[in-house]
Structure formats: C-alpha cells, structure tokens
Amino acid sequence: MIHLEGVGYRYAGAPRPSVLGLDLELRDGEVVGVVGAAEAGKTTLCLLVAGLAPRAIRGELRGTVRIDDEDVGPWPMHRLAEVVGSMSQDPSRQLSGVNGSVFEEVCFGPMNLGMPRAEIVDRAWWALDALRITDLAERDPARLSGGQMQLVALAGLLAIRPRHLVLDEPTAQLDPAGTRLVGDALQRLASDGASILIAEQKTDLLARIADRVVVLDEGRIAMEGLTDTVLADPSIETLGIPLPLMVVLRRAVADAGIDARVLDVVET
Amino acid sequence: MGHDTLTTVGDPAEPAGDRLARPLPAWLGRPGPTSWHRLNPLTKLTIAVVTSIQAVLLGGIVGPSMVLLLAVVLPAVRTGVGRQVIRTSLLLALPLAISASLVNLFFLPDAPTTLFELGPFRATEEGARFALEIVIRVVAIAGALTLFYITTRTSDLVVDLERRGMSPRLTFVVGSAVTMVPQMVDRASAIAAAQRARGLDTEGSPWRRMRGVLPLVGPTIMGALNEVEERTLALEARGFTRPGRRTLLWSPSDPAYERLVRWSLVLTIPVVVIVRAGGWGLP
Ligand SMILES: Nc1ncnc2c1ncn2[C@@H]1O[C@H](COP(=O)(O)OP(=O)(O)O)[C@@H](O)[C@H]1O
Ligand SMILES: [Mg+2]
C-alpha cells in the first residue's frame, strides 16, 4: 500500500506549491483514477507517487510518502523503481531510445536492476505475453505506432514486476485505435488485480477500470470516492472534467422521460 | 527481489519455476551478414579512427589514396555496401571539399605555376595539388566513418563498450548520439519543410540555401537535447541510475586475433609519425 500524508510539492523556482495537503491511500489490488482540469496537479501527483519528484525533478516536498508503513523519503530512485513502475503520456519518450528491438527495450529495466540473465529473459517474455505483444518482440521500438509504443513501455514496467503502476495520461497522445489498444490492456491488468494509479481525462476509460476516482482541483483533492459515484456527480463538469458517455446518456434518457432500463442494453 | 511473497502487478498465473524457461530470441545479437559486419564493433571503430588519422598523417596524395582504397573502398565494395558508402560519404565530404579546393585552387599564396585564369582569378598547379590532397583526406575520413556507421549496429557497439567496462551512462550517451543521427536528419527535413512552408528558402542557389539552412540548426539541436532531457525521467523510472554493473543479455564476439589487429593498427600511428618526422614520405 502507498500512503500519502499531507503531501505538498513546490517545483524548484516555482512561486507556489503545485499540489498541497494531499492525503491519499493506494491499496494493493486497487485501481485509482485521477481526474482534474489542465494544471490541476495530476502529473505532479503521479511524479510524487512514483518518487520521481523530488528525486529526478527538483523541488520541495512536504509531508510523507509511505510504502507499507515505511517512509520512502530516504530511498534512492532505483529502489523505488522496483516497487512503483511509472510512465507518462508521451509514447516516444517512454522508450530508452538505444534499444534496437522491443524485446531488449522490455529487458531494459530488469537489466538496470542487475537481475540474473535467465530471469530477465523470462520476465520479458512474460510481460510481452501479458500485453499480447509477443509478435512485436523483434520490431524496432522507434518504428511502432503510438499505442504500440505505450504498450511496449508498459511491458517494460511489468517486466520489473513492480507492485504498483503509476500511469500519467497513458492514452492522451493516442488516436482512438491506440486508446482502445492501451485501454483494453489496462482493463485486463486491472481485472487481474493490479494496483494502478492512473491520471486520465478520458472518463470512459476510468469508468471501465477504476475502483475509485480522485478529483484534483488547483492542487488539492476536491472529491474522492467510488468511480460510479464520483463520475456521476454533476459538479465535476464544472471542474473541467468530461463526463463518461454512459452518464451523459443516462441523463439524456432521464431528461427525455424515457425508462432508464433501455440503457441496460447499451451497457451490456 | 525481496518481495516475492507479495502481489506484483499482473502476477503470472503460474509460478515461474513451473514454466519452461524461455530462451533469448535467436535473432538477438545475430551475427551480421558478412565477415566485415561480423568484426567486433571496437575493431571496426578502430579501423575507422586509424584510417581517418592516417589519411591526415600520411600527407601527399598517394598515401591517403591508398588508405582510402584499402580501408574504405575495398571493404565497402566487398561487403556490398559500396554504393551506399560512396554516396553518403561524398554527400558528407562535398561541401567541405568543394570550398577547400576552390580556395586553394585560386588563392594559394605564392604559387608560381598558372593553370588557367578566370577573370581576375588565377588557378595554380600548386593550388590544384593542395586542393586534391585535402579532398582525398576529407573523402577518406567521411568514407571511413560512413563505412563504420553502415556496417555496425548501435546495439552491438553499446553492448560491447559496456562489456569492456565503460559506464552505462557514457555508453547510453554514445548510443543515443549514434541513433540520433538518422533521427536528426529526419527532423531537420521536417523542420525544413515547415520553414519552406513559411517562406524560408532551402532550395535554390548555394547562398540562398545556406541562409535557409541556418534557422534549422537551432531547432534541430534543441529538439534533440530536449528529448534526451525528457528521457531521463523514463530512464530513472526504470532504475537506470542504480550504481553498479547492469546485466547484459549478450555481447559481440571478440576473438584474440582481432585484438592483435586493433593494436597493430594503433601502432601504425606512432610509426608514421616517426617516419614523417624523419622527413620521409610518399609524394
Ligand atoms: N517542472 C515544473 N516546474 C514548475 N512548475 C510546474 C512544473 N510542472 C508543473 N508545474 C506547475 O504545477 C501545476 C500542476 O501541473 P501538473 O501537475 O502538470 O498538472 P496536470 O498534469 O493536471 O495538467 C501547474 O500550475 C504547472 O504550471
Ligand atoms: Mg499532466
């Protein structure tokens, strides 16, 4: 479990904190969605949970981040990387850029962590299988579609076998086909019991995979609760968050005075 | 890993021990198509560097020409990359070669023998000879580097350097730089298209082209640097900054005779320096 207690973060040189007073619990096996307008602090939250802030991006951290009750403050980045796997939205920048094949790219993390060779190879095959991209193994990572690149990046994280995944808008730069590709993979991981923190503006995707949703507004948690409850709350629209299609439909059906049960067909 | 008993993301259905361990893909580190490709990357790098140095050290026309022929043209043709090497290295070398030859052909100071006159300019035989020397050197260097580049996979070079004890960060920089060459060319042409669309000239007379190309240099280099910086996050997230050796999956072969070849090549440098210092040399 990852536990944020009163966490605030001010980037080096920034006049004021980007997030403030965050209290958040990420339980094992739980998928937590993060929504919020642009600049609400989603990326900063992801960087904090991943440990990249303040280790790789300088700034001032308030409060504590704990993993299983241990304050991870003193942990070096490579130790955190074994427990929390994180990636951001830009497909091409997730990849190391020096590996000639997808297979080697997926091996990159475990190689960095100095795992035994046979285990690395085993993990890489397993991660490729888990995301159903074994057929990409020989391809040049730089010549994949955006969606495929994100899956390769994700496989590179899975191969490390972290206990938590932190995904910052993993579909933001993808076309509909890429979004579906990544969304389906995430749904499978989620139903297999993965622990995921995912910032995502596409609430339709969150409606499918998230157990809970956290709403950020100007660096603070504005709302938090079960996915269905939060995403159906009318007030999130005023925070610049698009409603999931099902919620919009349900509302339209109700407004038109039609029996809500017609939507059961759509949902299944 | 220390937390085997805990659930990890996407736990495999069965424990690893029950499955047949799967092998490295057969194509990984697959030997190259020709015996030249199959040389150890460091050997090919040594050949390229020593060739470049010798092309300069030897002086005259015969020496560098022989180097060009033996160390670039011959292997390139035998390896089947002759056309590619000649085209790319001429492309690389021409701008420098042309400007250097024009300057020397017409403006070599105190050259007595006139070849022909062009308006106020006088082309000299000494200038022509000097220009030829420079062109051969530049072409030899461009050719040697191109041949290395075309016949060496980046991953082979990177793995080999790291196996020899070079730090992962340094090998990463080398690897990024090498992979960046074609990417930068791509990006430069994309930016060129954009600049053209905004009315900047990248076609037409050499002078207009120069003026058109200059605005491309900044964006191209900045873009590349930005990318490296943003990549560091992804690298750190995957444990790249862990101290100590990384595990390598495979490494290119390096037979003993290749080491001998490398040292012999390196030794030709002091030999030529001494010979030249003694006043000997080919025409
Ligand atoms: N590297 C940085 N340095 C300074 N300020 C930053 C940096 N990154 C983000 N910010 C600021 O922090 C706030 C939250 O940004 P971010 O976490 O990126 O939001 P989101 O991902 O929700 O769009 C914004 O006001 C943004 O300008
Ligand atoms: Mg963001």
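Counting starts from 1 at the beginning of each chain's written sequence and moves along it residue by residue. Here the convention is simple: chains get letters from A, ligands get numbers from 1, in the order in which they are written. Reporting of local features is limited, given that this is a predicted model, to residues whose pLDDT is at least 70; pairs of side-chain atoms are given and counted only at 80 or more, and all residues count toward the totals for whole chains, interfaces and linings. Hydrogens and waters are ignored; side-chain quantities use all the structure's heavy atoms.

Visitor: How would you summarise the overall build of chain B if you had to cite specific residues and measurements?
Guide: Helix and strand labels come from DSSP, where a helix needs a run of H or I of at least four residues and a strand needs a run of E of at least two; each type is numbered from the N terminus. On a plain count of helices and strands, chain B comes out with eight helices and two strands. Going from the N terminus to the C terminus, chain B shows its helices and strands as α-α-α-β-β-α-α-α-α-α. When burial is assessed residue by residue, chain B has 39% of its 283 residues classed as buried. Looking at chain B alone, contacts between residues at least 24 apart form 68% of all its contacts between residues at least 6 apart. When the accessible surface of chain B is totalled, it reaches about 16200 Å², and 68% of it is carbon and sulfur. Three labels apply to residues, based on accessible area from a 1.4 Å probe with only protein chains included: buried if under 20% of the type maximum, exposed if over 50%, partly exposed otherwise in between. Note on contacts: a residue pair is in contact if any heavy atoms of the two residues lie within 4.5 Å. Per-residue accessibility takes into account occlusion by the displayed protein chains alone, with areas from the Shrake-Rupley method and a 1.4 Å probe.

Visitor: Describe the sheet that holds strand S9 (residues 212–217) of chain A, naming the residues involved and giving the relevant values.
Guide: All names here are of chain A. For two strands to be treated as a pair, DSSP must find no fewer than two bridges joining them. Strand order in the open sheet made by the six strands is S6-S7-S8-S3-S9-S10, with mixed pairing throughout. At either end of the open sheet lies a strand with only one pairing partner, and these are strand S6 (84–87) and strand S10 (220–226). Across this sheet, the average inter-strand angle for adjacent strands is 15°, counted without regard to direction. Of the pairings in the sheet, the one linking strand S3 (residues 31–36) to strand S8 (residues 195–199) comprises four bridges and is parallel in character. For valine 32, the partnering residue across the bridge sits in S8 and is leucine 197. All axes are obtained by fitting lines to C-alpha atoms, using only the stretch in contact for helices, and the reported angles, taken between N-to-C directions, cover 0 to 180 degrees. Seen against the sheet, helix H7 (residues 146–158) touches S6 and strand S7 (164–168) and runs at an angle of roughly 165° to S6.

Visitor: Can you lay out the interface of chain B and chain A for me, pointing to particular residues and giving the numbers?
Guide: Facing the 45 residues of chain B at the interface are 52 residues of chain A. Two parts placed together each lose some accessible area under a 1.4 Å probe, and adding up what both lose gives the buried area. For the pair chain B and chain A, the two sides together bury roughly 4500 Å², of which 59% comes from carbon and sulfur. One speaks of a salt bridge when a side-chain nitrogen belonging to Lys or Arg is within 4 Å of a carboxyl oxygen belonging to Asp or Glu. Seen at the junction of chain B and chain A, the total is three salt bridges. Among the salt bridges present, the one from arginine 30 of chain B reaches glutamate 138 of chain A, with a minimum N-O distance of 3.6 Å. Two N or O atoms form a polar contact when they lie within 3.5 Å of each other; inside protein one atom must be a possible hydrogen donor and the other a possible acceptor, and for residues adjacent in sequence the pair counts only when both atoms belong to side chains. In this assembly, chain B and chain A are joined by ten residue pairs in polar contact (both at pLDDT 80 or more). Among the secondary structure elements, those contributing two or more residues to the side of chain B that touches chain A are helix H6 (168–197) and helix H7 (206–237) of chain B. Looking at which element gives the most residues to the side of chain B that touches chain A, the answer is H7 of chain B, with eight residues. Here the side of chain B that touches chain A is composed, by residue class, of 22 nonpolar, eleven polar and twelve charged. Three classes are used, and their members are as follows: Ala, Val, Leu, Ile, Met, Phe, Trp, Tyr, Cys and Pro are nonpolar, Asp, Glu, Lys and Arg are charged, and the others, Gly among them, are polar.

Visitor: Run through the site of ligand 1, naming residues and quoting values.
Guide: Residue and element names in this part refer to chain A. Neighbouring ligand 1 are the residues Tyr11, Ser18, Ala37, Ala38, Glu39, Ala40, Gly41, Lys42, Thr43 and Thr44. Here an oxygen atom of ligand 1 and a side-chain polar atom of serine 18 are 2.6 Å apart. Between ligand 1 and the protein, one listed contact pairs an oxygen atom with a side-chain N or O atom of threonine 43 at 2.7 Å. Here ligand 1 loses 65% of its free accessible area of 560 Å² to cover by the protein chains. Residues of the shell around ligand 1, tallied by class, amount to four nonpolar, four polar and two charged. In these notes, residues near a molecule or strand are those with any non-hydrogen atom within 4 Å of it.

Visitor: I'd like a description of the sheet that holds strand S2 (residues 19–26) of chain A, backed by residues and values.
Guide: Residue and element names in this part refer to chain A. Pairing is antiparallel in the open sheet, where four strands are placed in the order S2-S1-S4-S5. The sheet terminates laterally at S2 and strand S5 (70–71), the two strands that pair on one side only. The pairing of strand S1 (residues 2–11) with S2 spans five bridges and is classified as antiparallel. Bridge pairing in S2 places tyrosine 9 opposite valine 19. Here helix H1 (residues 42–50) sits on the sheet in contact with S1, S2 and strand S4 (59–67), set at roughly 120° to S1.

Visitor: Please set out the side chain of glutamate 104 of chain A residue by residue, giving values where relevant.
Guide: Mapped onto the secondary structure, glutamate 104 of chain A falls in helix H5 (residues 102–112). No salt bridge is formed by the buried glutamate 104 of chain A. Its closest oppositely charged neighbour is arginine 153 of chain B, at 7.9 Å. Within polar-contact distance, the side chain of glutamate 104 of chain A engages the side chain of serine 101 of chain A at 2.6 Å. Beyond its immediate chain neighbours, meaning those up to four positions away, glutamate 104 of chain A contacts Asn99 of chain A together with Leu28, Ser155 and Trp250 of chain B. None of His or the chain ends enter the tally, which takes Lys and Arg as positive and Asp and Glu as negative.

Visitor: If you had to explain H1 of chain A to someone new, which residues and values would you point to?
Guide: Most of H1 of chain A is tucked away: eight of the nine residues are buried. Among the residues of H1 of chain A, Lys42, Thr44, Leu45, Cys46, Leu47, Leu48, Val49 and Ala50 of chain A are the ones counted as buried.

Visitor: Please provide a residue-by-residue account of the nonpolar core, values included.
Guide: Nonpolar cores were defined as sets of buried Ala, Val, Leu, Ile, Met, Phe, Trp, Tyr and Cys residues, with membership established by side-chain atoms within 4.5 Å. The biggest cluster of nonpolar side chains holds 63 residues, and the ones touching the most others in it are Phe103, Val106, Leu189, Ile198 and Val215 of chain A together with Leu249 of chain B. It is H7 of chain A that provides the largest number of residues to this core, a total of eight residues. One finds Val19, Cys46, Val49 and Val84 of chain A within the second-largest nonpolar core, a separate group that totals 33 residues.

Visitor: Requested: an account of the environment of threonine 124 of chain B, with residues and values cited.
Guide: Residues and elements named next belong to chain B. In this structure, threonine 124 sits in strand S2 (residues 121–124). Classification of threonine 124 as buried rests on a relative accessible area of 1%. Measuring from C-alpha to C-alpha, the distance between threonine 124 and leucine 108 comes to 7.6 Å, with 16 residues separating the pair along the chain. Side-chain polar atoms of threonine 124 contact the backbone nitrogen of glycine 127, separated by 2.9 Å.

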